Amino acid sequence: MNPLNITMPDRTDVRNGNNIGQVPTEQTHVAVNNFSVFYRANQAVRDVTFNIPAGYVTAIIGPSGCGKSTILRAINRMNDLVPGCYTAGQLLVDGQNVYRPDLDVVMLRKRVGMVFQKPNPFPKSVFDNVAYGPRLHDQLRQGELAEIVERSLIDAALWDEVKDRLDDNALSLSGGQQQRLCIARVLAVDPEILLMDEPTSALDPRATLRIENLIAELRGRYTIIIVTHNMQQAARVSDFTAFMYEGVLIEYGPTREIFTKPKNKQTDDYITGRFG
């Protein structure tokens, strides 16, 4: 059964060439253990447990308000900025609890970068946008900084379009270029994990395709976790998919299995459009 009539990509393990089957456990990058998130009295995420493997693309899908963005933002503690938000359970990155009291949150957000739903470049030059993070975290000579900016723009598939516009205000770029610039800004601080919260929802189809192609190019070099309301996009770009509903993780596994042979009736109902 293929409820969405999607041609599933033939994904292989980027490290050993094997076809992806079960969720790997030996190389877990993010471990979510009986984890809950509360906004004062409202429990937005309910006792969720799953492991996200290193080097793959994991999609989190589900209807609006199901907790998918909440759990994404919990990974680099962006929810700390929300008054009245608190958590229970464990959320581990490389085996370390990111909610332990002595954690350096600034360093966590260097390791775990985030790209938001709408492009949010700073009202600065293209160069200064990408250089912002390295200037903040490291003492670098101008030549070293220029190398980081160029490499990050290349990695974000933007260099050829802006190499002669580095002094231009970033707000002069198109929406799709701005989003790739934001990705370059994240890559410039050399993260391990990229969080993407509906990164193409504000873009046109052509710009969306560029971002999806970029995700494919970055796959294997980073652990990528993407929240998307677009199930076709999840099927195209991800190796593993988590389906959430009303704050509960309903099903998690290889994307091909989730979209062609879901084990849970709620998953089947959602991806066939019977609700949500």
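These notes cover the structure that comes with them. Values in this document were obtained by computation on a predicted structure and should not be read as measured data.

## Here we look at helix H1 (residues 68–75)
The element H1 is extensively covered by neighbouring structure, given that six of its eight residues are classed as buried. Along H1, the residues classified as buried are Lys68, Thr70, Ile71, Leu72, Ala74 and Ile75.

## Remarks on the pattern of salt bridges
The final tally for this structure, using the stated rule, is 16 salt bridges. For the salt bridge of Asp128 with Arg135, the shortest nitrogen-to-oxygen distance reads 2.8 Å. A residue is classified by how much of its surface remains accessible, and Arg135, at 41% relative accessible area, is partly exposed. Its salt-bridge partner being Asp268, residue Arg274 comes within 3.3 Å of it at the nearest N-O pair.

## Description of unusual backbone geometry
A positive phi is found at Asn34, a non-glycine position, where the angle reads about 45°. Residue position: Asn34 is located in strand E1 (residues 28–39). Of note, Ala157 is a non-glycine position whose phi angle comes to about 55°, a positive value. Here Ala157 shows up in the loop between helix H4 (142–155) and helix H5 (159–162).

## Some thoughts on the side chain of His29
The residue His29 is located in strand E1 in this model. Polar side-chain contacts of His29 include one of 3.1 Å to the side chain of Glu192. Once you skip the residues sitting within four places of it in the chain, His29 turns out to touch Ile52, Pro53, Ala54, Leu92, Val93, Asp94, Glu192, Ile193 and Thr223.

## Describing the sheet that holds strand E5 (residues 96–97)
Two pairing modes exist for strands in a sheet, parallel and antiparallel, and in both the strands are linked by backbone hydrogen bonds. Taken together, the four strands give an open sheet; going across it, the order is E2-E1-E4-E5, and neighbouring strands pair in antiparallel fashion. Each having just a single partner strand, strand E2 (42–53) and E5 make up the two edges of the open sheet. Here eight bridges tie E1 to strand E4 (residues 85–93), and the two strands are oriented antiparallel to one another. Residue pairing for E4: Ser36 is matched across the bridge by Ala88.

## Focus: the sheet that holds strand E8 (residues 223–227)
Sheet architecture is open: six strands sit in the order E6-E7-E8-E3-E9-E10, paired in mixed fashion. Among the strands making up the open sheet, the edge pair consists of strand E6 (112–115) and strand E10 (248–254). Sheet twist, expressed as the mean angle between neighbouring strand axes with direction ignored, is 15°. Two elements, strand E7 (residues 193–197) and E8, share five bridges in a ladder whose sense is parallel. Its bridge partner lying in E8, Leu194 is registered against Ile224. Against the sheet, helix H6 (residues 175–187) contacts E6 and E7, and its axis sits at roughly 170° relative to E6.

## Structural notes on the pairing of E7
In terms of residue burial, E7 counts as a mostly covered element, since five of its five residues are buried. The alternating pattern of E7 places Ile193, Leu195 and Asp197 on one face and Leu194 and Met196 on the opposite face, and all of these are buried. In this sheet, E7 lies alongside E6 in parallel orientation, the contact comprising four bridges. Bridged to Gly113 within E7 is Leu194. Note that the unit made of E7, helix H7 (residues 205–218) and E8 has a crossover that is right-handed.

About the criteria used
- Residues numbered from 1 in each chain as written.
- Predicted model: local features only at pLDDT ≥ 70, side-chain atom pairs only at ≥ 80, totals over all residues.
- Heavy atoms only, no water.
- Buried < 20%, exposed > 50% of the residue type's maximum accessible area, 1.4 Å probe, protein only.
- Helix = DSSP H or I, 4+ residues; strand = E, 2+ residues; numbered from the N terminus.
- Salt bridge = Lys/Arg side-chain N within 4 Å of Asp/Glu carboxyl O.
- Polar contact = N/O pair within 3.5 Å; in protein donor to acceptor, adjacent residues only side chain to side chain.
- Contact = heavy atoms within 4.5 Å.
- Pairing = 2+ DSSP bridges.
- Axes fitted to C-alpha atoms, helices over the stretch in contact; angles between N-to-C directions.
- Right-handed = clockwise from strand over helix to strand, strands pointing away.

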